[in-house]
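In case you want the letters, here they are:
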Amino acid sequence: MTPTSAARQSTLRSSNLALVLRTVCAGGPLSRADVAVRTGTTRATAARLVDDLVAGRLLDEGERLTPPRRGRPATPLLPGARVGALGLQVDAGLLAARVLDLRGRVVAEHVEDDDLVGSDPARTLARLGALTADLVAGLPAGLRLAGAGLALPGLVDGDLLLRAPNLGWTDVPAPDLLAAQLPGGLRPVVGNEADLAARTVADTAPGRPGPLRDFLYLSGQIGIGGAAVLGGRVLTGSAGWAGEVGHVCVDPDGPACRCGSTGCLEQYAGRHALLAAAGLPLDTPPAEVVARAGELPVRRALDAAADALGVALAGVVNVLDLPVVVLGGHLAALADVLRPGLEELLGRRVLSARWRRPTVLAVTGPPAAGATGAALQALDAVVADPVAWLP
Ligand SMILES: [Zn+2]
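Computed from a prediction, not measured in an experiment: that's the story for all the values here.

Take the pairing of strand β5 (residues 106–113) next. When strand β4 (residues 94–101) meets β5, the two strands line up antiparallel, connected through seven bridges. In the strand pairing of β5, R98 is matched with E109. Here β4 hands over to β5 after four residues, with G104 in that stretch at a positive phi of 85°.

Take the environment of E344 next. Within the fold, E344 resides in helix α12 (residues 335–349). By relative accessible area, which is 40% here, E344 ends up partly exposed. Remark: the alpha-carbon pair of E344 and D307, spanning 37 residues in sequence, is separated by 9.5 Å. Those residues in contact with E344 that lie beyond four places of it in its chain are R339 and R357. Of note is the side chain of E344, whose polar atom sits 3.0 Å from the side chain of R348.

Split by domain assignment, the chain resolves into domain 1 (3–79), domain 2 (83–199 + 369–389) and domain 3 (210–362). Taken over C-alpha atoms, the centre of domain 1 sits 43 Å from the centre of domain 3.

Tallying each qualifying case throughout the model produces two cavities of 30 Å³ or more. Empty space within the largest cavity amounts to approximately 40 Å³. Lining the largest cavity are R271, L274, L275, T284, P286, V289, H330 and L334. Among the elements that make up the lining of the largest cavity, the one with the highest residue count is helix α8 (residues 271–278) (three residues). Among the residues making up the lining of the largest cavity, the classes are represented as five nonpolar, two polar and one charged. Approximately 30 Å³ is the volume found for the second largest cavity. Each residue belonging to the lining of the second largest cavity can be placed in one class, and the counts come to five nonpolar, one polar and two charged.

Turning our eyes to something else, we now look at the nonpolar core. Within the largest apolar cluster, 39 residues are counted, with the highest numbers of intra-cluster contacts made by L302, L309 and L313. Listing elements by their share of this core, those giving two or more residues are β13 (215–220), β14 (224–230), α7 (266–269), α8, α10 (296–320), β16 (324–329) and α12. Ranked by residues supplied to this core, first place goes to α10 with 12 residues. Those residues within four positions of L313 in sequence are excluded, and the remaining contacts are L216, L218, V245, V325, L342 and L346.

Size it by volume and the largest pocket reaches roughly 1000 Å³. Every residue lining the largest pocket is counted, 46 residues in all, and those nearest its centre are G329, G365, P366, P367 and A368. In terms of domain composition, the lining of the largest pocket takes at least three residues from each of domain 2 (83–199 + 369–389) and domain 3 (210–362). Considered as a void within the structure, the second largest pocket measures approximately 450 Å³ in volume. What lines the second largest pocket is a set of 15 residues, and nearest its centre among them are R199, D203, G232, R233 and D380. Listing elements by their share of the lining of the second largest pocket, those giving two or more residues are α6 (193–202), β12 (208–209), β15 (233–234) and α13 (369–384). At three residues, α13 tops the list of elements feeding residues into the lining of the second largest pocket. Residue composition of the lining of the second largest pocket, grouped by class: five nonpolar, three polar and seven charged. Two domains each donate at least three residues to the lining of the second largest pocket, and these are domain 2 (83–199 + 369–389) and domain 3 (210–362).

A few words now on the packing of α6 against α13. Each pair of packed helices can be summarised by the angle the axes make with each other and by the distance between the axes. At a minimum axis distance of 7 Å, the contact between α6 and α13 shows a crossing angle of 75°. Here α6 lies roughly perpendicular to α13, going by the angle between them. Packed against α6, whose contacting residues are E193, L196, A197, R199 and T200, the element α13 presents A369, G370, T372, G373, A374, L376, Q377 and D380 at the interface. Looking at side-chain class alone, the contact of α6 with α13 contains five nonpolar, five polar and three charged residues.

Each value, and the rule that gives it
- Residues numbered from 1 in each chain as written.
- Predicted model: local features only at pLDDT ≥ 70, side-chain atom pairs only at ≥ 80, totals over all residues.
- Heavy atoms only, no water.
- Pairing = 2+ DSSP bridges.
- Helix = DSSP H or I, 4+ residues; strand = E, 2+ residues; numbered from the N terminus.
- Buried < 20%, exposed > 50% of the residue type's maximum accessible area, 1.4 Å probe, protein only.
- Contact = heavy atoms within 4.5 Å.
- Polar contact = N/O pair within 3.5 Å; in protein donor to acceptor, adjacent residues only side chain to side chain.
- Domains from an automatic or database assignment.
- 1 Å grid on protein atoms, 1.4 Å probe; cavity = no way out; pocket = protein on both sides within 12 Å on 5 of 7 lines; lining within 4 Å.
- Points joined across faces, edges and corners; volume = space filled by probe spheres on them.
- Nonpolar A, V, L, I, M, F, W, Y, C, P; charged D, E, K, R; others polar.
- Core = buried A, V, L, I, M, F, W, Y, C linked by side-chain atoms within 4.5 Å.
- Axes fitted to C-alpha atoms, helices over the stretch in contact; angles between N-to-C directions.
- Parallel < 35°, antiparallel > 145°, perpendicular 65-115°, else oblique.

See the structure below:
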């Protein structure tokens, strides 16, 4: 074989391995014969690629199924349960570390609620590093961590958190402050919290698309993050700073925002702003807000939040043509009381609503969806290029 054709063979093998892994992640459990059909390769080629992925633990063989008719029982193939990734999150209201495996299952997690508004970045990240080190020390033996991600509620540029208004952090080299405490030389890839949380809606597991492909995701925290998703991909913008729906102005004469502007959406629908307007303590759980929705000050605060959401989101939907708005975080827990006002406004303000009225859905998963999304992103990198993880 000439060097050129050897290189070509190696590239072909890499892309075939990625195709097989992606196929099982998207549609597993599958047999080797199913893999051959779905990837359009011969049975012998599919079997060889599968064997390589099984040897590298990126695929697992399940228990053989008894075939419905005569013939050899097929061995079901599943994404590897011994390959995982670490997802971390710092938000103004919590610290989180979560480990997901290649099947998208939570292997271990630790979430701590705390008020981190105006906290010291180095001290906070050291605390996250310590709780992550404890979490990783308790992982099942034989689990390999393939990567790590860190979700932060602000503008990110490469390794640098440029600004997170609600944390009060500027120019924080987050991976540098964390890496020393993370095991095995893991260095987290930093991403925007809402962009990462939106991935947990777009994909239900690494490489496995969920039912929603086009939507606007809102992450309801102390602030409000956002991400527009088209065709299953987050629209990140030219510098990665798109989706800041929380800082869309709904009233220029409105209250000052931590970002320096006035009347931003999060000054009406952010968790603290809404509770303050309702006259409730800032640690009131959303369920209590729902239970007290009949009380006048609470009702007024919820109406103001729904109005602000309606104005801001109608603007986004008019620009981007998104059929669904997905509410996450505290907004998901409040969806039933916000939805009537919000949907009514979207129906009135979205130009195309007569033909397709935007729908409002709520995702009520575990807290810290950004941490889950950060782990998903790291595992997606394994699915995209499995050859790097093979012996
Ligand atoms: Zn703002």
